[in-house]
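Coordinate inspection notes
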Amino acid sequence: FGHAIEAQMGYGNWLHGEAVAAGMVLAARLAQTRGDLTAIEVERIVKLIAEYDLPVDIPRDMTGEQFLTHMRKDKKNKKGTIRFILPTQFGQCALVSDVTDQQVCDLIAR
């Protein structure tokens, strides 16, 4: 998610760390929709990132389709499938490839 923000907004308009921070929040929220994190765990992640004055919200004018366009170019992808690194519990992550485009669009629309 972070690299998509960085690419869409223009390199330098969002610093790399800012884009990654907002992307980490999106990843946590996606993990919650999959049942991998609780709302309390997501809130803990959001508060931790915010304590460092990093953004926890995505750019308002970015659409799900814009995210997907950039994410399809990511080096983690395999055979045309977008792969995500999602938290499974606080401090642990997994590489998953069963996230649908619709799930991404629904997440961004929230």
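Preceding block: the structure.
First, a word on what this report is: a plain description of the structure on this page. None of the values given here were measured: they were computed from a predicted structure.

Turning our attention to the pattern of salt bridges. According to the stated counting rule, one finds three salt bridges in the structure shown. For Asp36, the salt bridge is made with Arg34, and the minimal N-O distance between the two is 3.4 Å. The exposure class of Asp36 is partly exposed, given its relative accessible area of 30%. Relative accessible area serves as the criterion here: at 26%, Arg34 is assigned to the partly exposed category. A salt bridge links Asp98 to Arg34, with the nearest nitrogen and oxygen atoms 2.9 Å apart. With Asp98 in the loop between β2 (92-96) and α5 (101-109) and Arg34 in the loop between α2 (16-33) and α3 (39-51), this pair connects stretches of sequence that are 64 residues apart. The structure contains a network of salt bridges with shared partners spanning Arg34, Asp36 and Asp98.

In total, this model carries two aromatic pairs according to the counting rule given. An angle of 65° between the planes, with centres 6.0 Å apart, marks the rings of Phe1 and Phe67 as edge-to-face. On the criterion of sequence distance, the pair formed by Phe1 in the segment before α1 (2-9) and Phe67 in helix α4 (residues 64-71) is long-range, its members being 66 residues apart. Each member of the pair, Phe1 as well as Phe67, carries the same accessibility label: buried. Residues Phe1 and Phe84 carry aromatic rings whose centres are separated by 5.6 Å and whose planes lie at 45° to one another, so their mutual orientation is tilted. With a gap of 83 residues between them, Phe1 in the segment before α1 and Phe84 in strand β1 (residues 84-89) connect regions that are remote in the sequence. This pair shows no difference in class: Phe1 is buried, exactly as Phe84 is. Following the ring pairs from residue to residue traces out a cluster consisting of Phe1, Phe67 and Phe84.

Bridge count for β1 against β2 is five bridges, and the pairing is antiparallel. From the neighbouring strand, Gln89 faces β2, where its bridge partner is Gln92.

Now for unusual backbone geometry. Of note, the phi angle at Asp53 is positive, near 60°, even though the residue is not glycine. Looking at the element boundaries, Asp53 is found in the loop between α3 and α4. Phi at Lys79 takes a positive value of approximately 50°, unusual for a residue other than glycine.

Now for the packing of α2 against α3. A packed helix pair is summarised by two numbers, namely the angle formed by the two axes and the spacing between the axes. Interhelical geometry of α2 versus α3 gives an angle of 175° and a closest axis separation of 9 Å. As the angle between them shows, α2 and α3 are arranged roughly antiparallel. Contacts from Ala21, Met24, Val25, Ala28, Arg29 and Gln32 in α2 reach Ala39, Val42, Ile45, Val46 and Ile49 in α3. Here the contact of α2 with α3 is built from residues that sort into nine nonpolar, one polar and one charged.

Once that is clear, we can look at a nonpolar patch on the surface. Side chains of Leu48, Tyr52, Leu54 and Phe90 sit close together on the surface and give an oily, nonpolar patch of about 380 Å² of accessible area. Examined against the element boundaries, Leu48 turns out to sit in helix α3. According to the relative accessible area criterion, Leu48 is partly exposed, its value standing at 39%.

What counts as what
- Residues numbered from 1 in each chain as written.
- Predicted model: local features only at pLDDT ≥ 70, side-chain atom pairs only at ≥ 80, totals over all residues.
- Heavy atoms only, no water.
- Salt bridge = Lys/Arg side-chain N within 4 Å of Asp/Glu carboxyl O.
- Buried < 20%, exposed > 50% of the residue type's maximum accessible area, 1.4 Å probe, protein only.
- Helix = DSSP H or I, 4+ residues; strand = E, 2+ residues; numbered from the N terminus.
- Phe/Tyr/Trp six-rings, centres within 6.5 Å; stacked < 30°, edge-to-face > 60°.
- Pairing = 2+ DSSP bridges.
- Axes fitted to C-alpha atoms, helices over the stretch in contact; angles between N-to-C directions.
- Parallel < 35°, antiparallel > 145°, perpendicular 65-115°, else oblique.
- Contact = heavy atoms within 4.5 Å.
- Nonpolar A, V, L, I, M, F, W, Y, C, P; charged D, E, K, R; others polar.
- Patch = residues over 30% accessible without salt bridge, like charges linked within 9 Å, V, L, I, M, F, W, Y side chains within 5 Å.
- Areas by Shrake-Rupley, 256 points an atom, 1.4 Å probe, with all protein chains shown as cover.

Interpretation in functional terms is not warranted from these geometric data alone.
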